[in-house]
Structure formats: C-alpha cells, structure tokens
Amino acid sequence: VLLRGGFTEGNEMPDSTPQPPPPQSPTRHRKDSSWTGWRKNSSKSFGLEMQHPWSRHLLSRTKTIETRAYDLPPELVNERIRVLESRPGRDGVSSLPNTISIADDGRSQIKCVGWVVFSRVVRYEDRDAFARDEGKHLVTKDSGYAWKDGVTEAIYGWVVGETGSYSDEGNEDGLAGVNRLVRRMRSLYELEWDDETAKSALEEGEGVG
C-alpha cells in the first residue's frame, strides 16, 4: 500500500517513481501571464523566436496556427509581435541565450523578419483534435512538436490574424534602434530600445498607433 510521502506499508521503502519538479517561480527570464509588463499600457515591445523555415511559413500564411506547449499571455492577443528568426535546430529547443546584445554581433544569431498578430488561442486536449488542424499548423505526426500520448497534456494553438514582412514594407532591418533582446517567457523576448525616438520611428513606419 502506497502511503503519503512515497513510503510503503511494512517496509517503509521510498517510492522510486520519478516525481515532477516543483513549480518554478517567476524570474527575470521566466515571467508568467500575470506579469504587468505584458499589459498594453506598459509601452513594451515583444518578439517571438521561431526557427527557419517555420518563421517564413507563418509570414506567408502557409502556416496559420503557431503551436506551443504554453499559452500566449492574454495581453498579447491582438497585439503586434515581431518574428525573430533563428537558425534551424532541435525541435522545441531554443539555441539562443537569455539576453542578446544587438550591438555585439546579435544579428548573427537572429533576424527580425516581420511581425504577426495572433487573434485568439485554441487549446488542443487530445490527439484527434490536434490532427484535424494539421493543414493549419503543419505539425506532422512524426515531428518533434507532435502530440505524444501519455506525455502531452495540451497544446496551444496561436491563431494567426495578420502578418507583415519587413522586406515587403521596405524595411530590411526590423531590429533598427533595438539595443538588446531579453527573454521574458520561453520564446518570447522583450525588445529594449536605444531610446524611445527609435522605437516610435519604426512603429510609425509600421502603421502602429
């Protein structure tokens, strides 16, 4: 009989079943959805790291649902998020540091290739529901991002509303005026600007406001 604390009746041997790690508290690079910095009145800008070629599939709208193991902070729904393109790598594993200095060779690690607005989030709670939208999220059953029975509890689908490519808009450098990128939540980075003037100039060029 398994008793509280992982001991068995009679021999008091500990249970060898692996236990899940304790919940992690928010830190500088690991914010949760309640962080006030996500709020629209915070004047902060954010970017989403996406590996090539998924970033291009999203901007071309070949991919109309971006899948993640976590929810999009509600304050970022219907807000422009820059698409930060990184090199192809291991599925689901970021190769980027928590802080990227753009002045110190940051552009060799990442490109800001466009922007996206996610209109809503859907939550997939079973394999069949996830498979039905394969034509939208492009995640095949043999992908590292696929549903895994016995492991996956839920997958979040960030539904693409609007997109824009900086090359199409005549702006080849979506990081102009950005001093550094700081990870705030998984693949979401905050863009820290050299000054507010540079930020305002880029946003005016994007038609934001």
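Up top you'll find the structure we're talking about.
Residues numbered from 1 in each chain as written. Predicted model: local features only at pLDDT ≥ 70, side-chain atom pairs only at ≥ 80, totals over all residues. Heavy atoms only, no water.

Another aspect to go through is the environment of Leu96. Secondary-structure assignment places Leu96 in the loop between β5 (80-86) and β6 (99-101). The spacing of Leu96 and Arg183 is 87 residues in sequence and 9.3 Å in space, taken between C-alpha atoms. Not counting residues within four places of it along the chain, the set of residues in contact with Leu96 comprises Glu49, Ser86, Gln109, Ile110, Arg183 and Tyr189. (Helix = DSSP H or I, 4+ residues; strand = E, 2+ residues; numbered from the N terminus. Contact = heavy atoms within 4.5 Å.)

Attention now moves to the nonpolar core. In terms of nonpolar packing, the biggest core is built from 21 residues, with Leu58, Leu72, Phe118, Trp158 and Leu188 touching the most fellow members. Secondary-structure elements contributing two or more residues to this core are β3 (45-51), α1 (54-59), β5, β7 (111-124) and β8 (155-165). In contact with Leu72, other than residues within four places in its own chain, are Val77, Ile81, Phe118, Val121, Trp158 and Leu188. By size, the runner-up hydrophobic cluster in this structure holds 15 residues, among which are Trp115, Val117, Leu181 and Tyr189. (Core = buried A, V, L, I, M, F, W, Y, C linked by side-chain atoms within 4.5 Å. Buried < 20%, exposed > 50% of the residue type's maximum accessible area, 1.4 Å probe, protein only.)

What follows deals with the packing of aromatic side chains. Counted by the stated rule, this structure contains 7 aromatic pairs. Pairing Trp35 with Trp38 gives two aromatic rings, centres 5.1 Å apart and planes at 85°, and the pair type is edge-to-face. Here the two residues Trp35 and Trp38 agree in accessibility, since each one is buried. Geometrically, the ring pair formed by Phe118 and Trp158 is edge-to-face, given 5.4 Å between the ring centres and 75° between the ring planes. Of this pair, Phe118 sits in strand β7 while Trp158 sits in strand β8, and the two are 40 residues apart along the sequence. (Phe/Tyr/Trp six-rings, centres within 6.5 Å; stacked < 30°, edge-to-face > 60°.)

Burial runs high along strand β10 (residues 188-193): 6 of the 6 residues are buried. The alternating pattern of β10 places Leu188, Glu190 and Glu192 and Tyr189, Leu191 and Trp193 on opposite faces, both of which are buried. Note that β3 and β10 share 4 bridges and pair antiparallel. Residue pairing across strands places Gly47 opposite Tyr189, the latter belonging to β10. (Pairing = 2+ DSSP bridges.)

The next subject is the pattern of salt bridges. Where charged atoms from two side chains of opposite charge come close, those side chains can pair. Counted by the stated rule, this structure contains 11 salt bridges. Glu190 is paired through a salt bridge with Lys44; the nearest N and O atoms lie 3.4 Å apart. With a gap of 146 residues between them, Glu190 in strand β10 and Lys44 in the loop between β2 (7-8) and β3 connect regions that are remote in the sequence. Residue class for Lys44 comes out partly exposed when judged on its relative accessible area of 34%. For Arg56, the salt bridge is made with Glu85, and the minimal N-O distance between the two is 2.5 Å. One end of the pair, Arg56, is in helix α1; the other, Glu85, is in strand β5, with 29 residues separating them in the sequence. Taking the relative accessible area as the measure of exposure, Arg56 reaches 38% and is therefore partly exposed. Sharing partners across several salt bridges, the network here consists of Lys44, Arg180, Arg184, Glu190 and Glu192. (Salt bridge = Lys/Arg side-chain N within 4 Å of Asp/Glu carboxyl O.)

Interpretation note: all reported values are geometric properties and have no functional meaning in isolation.
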